[in-house]
Protein chains: 2
Amino acid sequence: MVSGKIDIHAHLIPPEWPDLKSRFGYGGFLRMEHYAPGRARMVRDDGSVFREVGENAWNPERVLEDMERYGITTMVLSTVPVLFSYWARPEDCYEWSQFLNDHLAQVVALYPGRFWGFGTVPLQDTDYAIRELERCIRELHFPGVEIGSNVNGKNLDDPSLFPFYEAAQELGAALFVHPWEMLGRERLQRYFLEWLVGMPAETALAICSFIFGGVFERFPHLRVLFAHGGGSFPFTLGRIAKGYQARPDLCNVNEVAPPQAYVGRFWVDSITHDVRALRFLLETVGPERVVYGTDYPFPLGDFGDSSVISQLELPEEIAERIFVRNALEFLGLQTTEPVAPSLQ
Amino acid sequence: MVSGKIDIHAHLIPPEWPDLKSRFGYGGFLRMEHYAPGRARMVRDDGSVFREVGENAWNPERVLEDMERYGITTMVLSTVPVLFSYWARPEDCYEWSQFLNDHLAQVVALYPGRFWGFGTVPLQDTDYAIRELERCIRELHFPGVEIGSNVNGKNLDDPSLFPFYEAAQELGAALFVHPWEMLGRERLQRYFLEWLVGMPAETALAICSFIFGGVFERFPHLRVLFAHGGGSFPFTLGRIAKGYQARPDLCNVNEVAPPQAYVGRFWVDSITHDVRALRFLLETVGPERVVYGTDYPFPLGDFGDSSVISQLELPEEIAERIFVRNALEFLGLQTTEPVAPSLQ
């Protein structure tokens, strides 16, 4: 029996924060509007609602109750991508990232062993991003940071990001890549399609950018995890590999190996919402590269009674890998001896 | 033994065509530049090359040799999406579509039983599109037409297309939906990603537009096939279904059934480039909804010795379905049993 579960993909936001528009002198940020007990809206400048959230989005006590219910020992908390604010002035985003990271560090400190943190960094400015990354790892003792799948439309193969990857590799910081600002979102405005079609494509694009942009080649020790089971990448890997084979003039400008060679080089979370897709994912990237994740506490989350992974009859050893060991390896927390999180 | 194969996804273009820029008085069209025996370039106004093509792109005799080699009995030929020209003036695109369709009809007539045709229509103008659709079916005796996955950025749930779908349903015309003008293509300019990431996303978007836009509900007898194994749709169906369940306020504005209910309602071709993905596809949409296709003659095509489907050991009955019967049913050439599973 696996006695504990580490959830690599879970979000927490501060219950409130300063009025960023008046602080920084320009708009575009979100604010929290608590309108009823345990209910709040994340509101844009123009008053439109980005998202309704409940107490489980900001209250760790409430989160712990759910963790108890779902048998989750430890959550690795990260902010929600809409708060990245890569579009803001770098120095402002730097300050804002510090605010978010300090909040997360407080939560982690209050509940030792129950929460770990992925920081956020002002990725639009590599120097600031590295500075905050160093603080996240060295001072706040986060195992890594969460980054968006693009930086104001620049894909993750942009050379401006290479010094950041180098710093992450040297610091041993794990990178959790989360889709946001989805490609083609002007065509995805109806039916929640930005989340349902855009996010899987955005994540496939992020993985392909790492592969074809030579990021994996340049930073061989960088540890990276892509959200939502790698998006549409695992299922379209055959097409991507065929593209590399058929059009090396286009795909292989950076002298990289065939795409299949990078499978096993990165982690993905387990969020597929389908037993057959999860099995396909395990077969494609290998059971040692899939990490349990829930996307808690959001509507597209995979937790609770309907959790897909609980419907898969996994051999004990593979379950232990997915629920515990793979997370520890990705996070760089298991170098010599095995650690069961429930034993702390 | 399956004695023949119908290839539902194969492209043929005319060897040459009039100078459309001087004919219509504005640019944006492609022209053919034959620069060596059996070699040509499809060239844009500015002289840049869209694609190099060989004789197998325009010479049916050459195509027949390959069909012999690959055991393909019949190819259902369609034009290449870059020639759709939905962006042109409707009356010009109408004339151009007639040119392309007349060419295809000639090829079909020259080699009876070896080639069938999917016409193209000026989809930017519903009236013209219906007029040419009627001509394709009634006069040119095509079993259907090929349409793009969007019309100048409008998704396929756009109500302006409903009269066209209605006409197709009434005429019994099969619709072959091919991805083109990929969403987010400004972010897919490197590494062939427009084809490798954009196309699968574009096709998933097309299927979701049919589902959530209520197109399947409105036109229960319309027969539709989506290219490239349905793109990323089959693998992300769990996520899409979860979205419908979690956010009906966003997904279900048109009072449709859950997405899973429409699986079985449409066809896909077999082009996945991966044995495991093809098996997953067959399990997801069912062996009666997968139609053999090659994307001949292009570099991302799945034909010849490396053909993925030939690596799958299919039971005789399923092979016969995929190679022959499913195509006939989709094309409406075998009409004894009901095609649309009852959804209502």
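Note: the structure precedes this text.
These lines cover the structure that appears in this document, whether it is placed above or below.

Reading guide: rules and limits
Residues numbered from 1 in each chain as written. Chains lettered and ligands numbered in written order. Predicted model: local features only at pLDDT ≥ 70, side-chain atom pairs only at ≥ 80, totals over all residues. Heavy atoms only, no water. Least-squares fit on C-alpha atoms with pLDDT ≥ 70 in both. Contact = heavy atoms within 4.5 Å. Pairing = 2+ DSSP bridges. Helix = DSSP H or I, 4+ residues; strand = E, 2+ residues; numbered from the N terminus. Buried area = accessible area lost by both parts, 1.4 Å probe. Salt bridge = Lys/Arg side-chain N within 4 Å of Asp/Glu carboxyl O. Polar contact = N/O pair within 3.5 Å; in protein donor to acceptor, adjacent residues only side chain to side chain. Buried < 20%, exposed > 50% of the residue type's maximum accessible area, 1.4 Å probe, protein only. Right-handed = clockwise from strand over helix to strand, strands pointing away. Axes fitted to C-alpha atoms, helices over the stretch in contact; angles between N-to-C directions. Parallel < 35°, antiparallel > 145°, perpendicular 65-115°, else oblique. Nonpolar A, V, L, I, M, F, W, Y, C, P; charged D, E, K, R; others polar.

A few words on the relation of the copies chain B and chain A. Superposition of chain B onto chain A requires a rotation of 180° combined with a translation of 0.0 Å along the rotation axis, giving an RMSD of 0.0 Å. As the rotation angle and translation indicate, the two copies are arranged about a two-fold axis. No C-alpha of chain B approaches the rotation axis more nearly than that of glycine 184 of chain B, which lies at 1.9 Å. Interface overlap between copies is the fraction of interface residues in one copy that are interface residues in the other; for chain B against chain A it reaches 100%, indicating a shared surface.

Turning to the sheet that holds strand E10 (residues 267-269) of chain A, a few remarks are in order. Residues and elements named next belong to chain A. Taken in spatial order, the eight strands line up as E1-E5-E6-E7-E8-E9-E10-E11 in an open sheet, and their pairing is parallel. Pairing within the sheet leaves two strands with one partner each, and these edge strands are strand E1 (6-11) and strand E11 (290-291). Strand direction decides the pairing type here: strand E7 (residues 144-148) and strand E8 (residues 174-178), joined by five bridges, are parallel. If you follow glycine 148 over to E8, its bridge partner there is histidine 178.

This brings us to the interface of chain B and chain A. On the chain A side, the residues contacting the 56 residues of chain B number 56 residues. Here chain B packs against chain A, burying approximately 4900 Å² in sum over the two surfaces, 64% of which is carbon and sulfur. At the junction of chain B with chain A, the criterion picks out six salt bridges. One salt bridge in this structure joins arginine 190 of chain A and aspartate 157 of chain B, with 3.7 Å as the shortest N-O distance. Linking chain B with chain A are 16 residue pairs in polar contact (both at pLDDT 80 or more), by the criterion used here.

Turning to the pairing of strand E5 (residues 74-78) of chain A, a few remarks are in order. Residues and elements named next belong to chain A. Summarising burial for E5: five of the five residues are buried, a large majority. Alignment of E5 against strand E6 (residues 115-119), held across three bridges, turns out to be parallel. Pairing of valine 76 across the sheet is with tryptophan 116, part of E6. The parallel pair E5 and E6 is bridged by helix H3 (residues 90-110), and the resulting crossover is right-handed.

Right, let's talk about the packing of helix H8 (residues 233-246) of chain A against helix H10 (residues 275-285) of chain A for a bit. Residues and elements named next belong to chain A. Orientation of H8 relative to H10, taken along the N-to-C sense of each, is 50°, at an axis distance of 9 Å. Taken together, the axes of H8 and H10 lie oblique to each other. In this structure, H8 contributes Pro234, Phe235 and Leu237 to the contact, and H10 contributes Phe280, Leu281 and Thr284. When the residues that make up the contact of H8 with H10 are grouped by side-chain class, the tally is five nonpolar, one polar and no charged.

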